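Residues per chain are reported as follows:
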Amino acid sequence: MSNSFKSVEKKYFAFSRTIRFVITVLYPIMFLIAPIEYKFLLPFIWLLLFLGGEWLQEIYLHRIIVVPLGSITDTAQKLANLDFMTVCDIQSNDELGSLSNSLNTLASNLQNALDELNKANKQLEKDVQHERILLEQRKELMDAILAATERMNYTIISLLDLS
């Protein structure tokens, strides 16, 4: 993985380290400022802070990874169903934003290719129809030539019989 595409990982670990640092620093401070009669509650308070920090991490993880991945997955499923007009609207400067932009570019390119293919298909149908008309005209011309040849043959035979 290139260095320019590690920002989701950096965001998550920076947030995680910050939460753990705050919790680690708060415990001794709480121990120093808490009255003696409440010091037995400090491990429970620290545990609550730790669990609260973990909960905040989960919320942050959900916001920066899970929600964008859900949007990207929905867009990819729409593209798989040939809905190339769909747009993935993740606006970030990390891997998920890059993936979103790539999906949007892919959808646009596939839509353009499909439009060109449909245009070429319509032109081909017109060309085939034109060739059918020309073939029918050639057949009519050949039938007319054959009929004229038969009449000329009949005329020549009649003239030979008369002579």
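Residues numbered from 1 in each chain as written. Predicted model: local features only at pLDDT ≥ 70, side-chain atom pairs only at ≥ 80, totals over all residues. Heavy atoms only, no water.

Asks: Lay out the overall build of the chain in plain terms, naming residues and giving numbers.
Replies: Across its full length, the chain holds 3 helices and 0 strands. In the chain, the succession of helices and strands from N to C terminus is α-α-α. Compactness check: the chain gives a C-alpha radius of gyration of 40 Å against a globular reference of 15 Å for 163 residues, more than 25% above the reference. Considered along the principal axes of its C-alpha atoms, the chain spans approximately 145 × 30 × 20 Å. Considering only intrachain contacts with a sequence separation of at least 6, the fraction spanning at least 24 residues in the chain is 57%. Working note: accessible area of the chain is about 12,800 Å², and carbon and sulfur atoms make up 66% of it. Measuring between centres, the 15 positive side-chain charges of the chain sit 9 Å from its 19 negative side-chain charges. (Helix = DSSP H or I, 4+ residues; strand = E, 2+ residues; numbered from the N terminus. Rg over C-alpha atoms; globule rule 2.2 N^0.38 Å. Contact = heavy atoms within 4.5 Å. Areas by Shrake-Rupley, 256 points an atom, 1.4 Å probe, with all protein chains shown as cover. Lys, Arg positive; Asp, Glu negative; His and termini not counted. Charge placed at Lys NZ, Arg CZ, Asp CG, Glu CD.)

Asks: Provide a residue-level description of helix 3 (residues 95–162), including the pertinent values.
Replies: Counted at 1.5 Å a residue, the expected span for helix 3 with its 68 residues is 100 Å, and the 99 Å between its end C-alpha atoms agrees. Taken together, the buried positions of helix 3 are occupied by Leu 96, Gly 97, Ser 100, Leu 103, Ala 107 and Gln 111. Taking the backbone nitrogen of Leu 96 as reference, a side-chain oxygen 3.2 Å away marks Asp 94 as the first, capping residue of helix 3. (Expected span 1.5 Å × (residues − 1). Buried < 20%, exposed > 50% of the residue type's maximum accessible area, 1.4 Å probe, protein only. Polar contact = N/O pair within 3.5 Å; in protein donor to acceptor, adjacent residues only side chain to side chain.)

Asks: Residue-level account of the packing of helix 2 (residues 42–80) against helix 3, with values.
Replies: Where helix 2 contacts helix 3, the axes come no closer than 10 Å and their chain directions differ by 15 degrees. Considered as vectors, helix 2 and helix 3 are oriented roughly parallel to each other. Here helix 2 and helix 3 pass one another in a crossing that is left-handed. Residues Ile 64, Ile 65, Pro 68, Leu 69, Ile 72, Thr 75 and Leu 79 of helix 2 pack against Leu 96, Leu 99, Ser 100, Leu 103, Leu 106 and Ala 107 of helix 3. In terms of residue class, the contact of helix 2 with helix 3 is built from 11 nonpolar, 2 polar and no charged. (Axes fitted to C-alpha atoms, helices over the stretch in contact; angles between N-to-C directions. Parallel < 35°, antiparallel > 145°, perpendicular 65-115°, else oblique. Left-handed = near helix turned anticlockwise from the far one by under 90°. Nonpolar A, V, L, I, M, F, W, Y, C, P; charged D, E, K, R; others polar.)

Asks: Summarise the side chain of Gln 111; cite the residues concerned and give the values.
Replies: In this structure, Gln 111 sits in helix 3. Residues in contact with Gln 111, not counting those within four places in the same chain, are Phe 84 and Met 85.

Asks: Can you tell me about the nonpolar core, naming the residues and giving the values?
Replies: Counting residues in each nonpolar core, the largest one holds 9 residues, listed as Val 8, Ile 72, Leu 79, Phe 84, Cys 88, Ile 90, Leu 96, Leu 103 and Ala 107. Only helix 2 and helix 3 provide two or more residues apiece to this core. Of all the elements, helix 3 adds the most residues to this core, at 3 residues. Setting aside chain neighbours within four positions, we find Ile 72 in contact with Cys 88, Ile 90, Leu 96, Leu 99, Ser 100 and Leu 103. (Core = buried A, V, L, I, M, F, W, Y, C linked by side-chain atoms within 4.5 Å.)

Asks: I'd like a description of helix 2, backed by residues and values.
Replies: Between the first and last C-alpha of helix 2 there are 54 Å, a value that for 39 residues agrees with the 57 Å anticipated at 1.5 Å per step. Here helix 2 has its buried residues at Leu 42, Gly 53, Gln 57, Tyr 60, Ile 64, Pro 68, Ile 72, Thr 75 and Leu 79. Residue Leu 82 follows helix 2 closely and has a positive phi angle near 65 degrees.

Asks: Break down unusual backbone geometry for me, citing the residues and quoting the values.
Replies: Unlike most non-glycine residues, Leu 82 shows phi in positive territory, near 65 degrees. With respect to the helices and strands, Leu 82 occurs in the loop between helix 2 and helix 3.

Asks: Any details on the side chain of Asp 94? Residues and values, ideally.
Replies: Here Asp 94 is to be found in the loop between helix 2 and helix 3. Apart from the residues lying within four places of it in its own chain, the contact partners of Asp 94 are Ser 7, Val 8 and Lys 11.

Asks: Hey, could you go over a nonpolar patch on the surface for me, with residue numbers and the actual values?
Replies: A cluster of nonpolar residues, Phe 21, Val 22, Val 25, Leu 26, Ile 29, Leu 32 and Ile 33, forms a patch on the protein surface that exposes about 670 Å² of accessible area. Tracing the backbone shows Leu 32 in helix 1 (residues 7–33). Note on Leu 32: relative accessible area 70%, which makes it exposed. (Patch = residues over 30% accessible without salt bridge, like charges linked within 9 Å, V, L, I, M, F, W, Y side chains within 5 Å. Salt bridge = Lys/Arg side-chain N within 4 Å of Asp/Glu carboxyl O.)

All we've got here are geometric facts, nothing functional implied.
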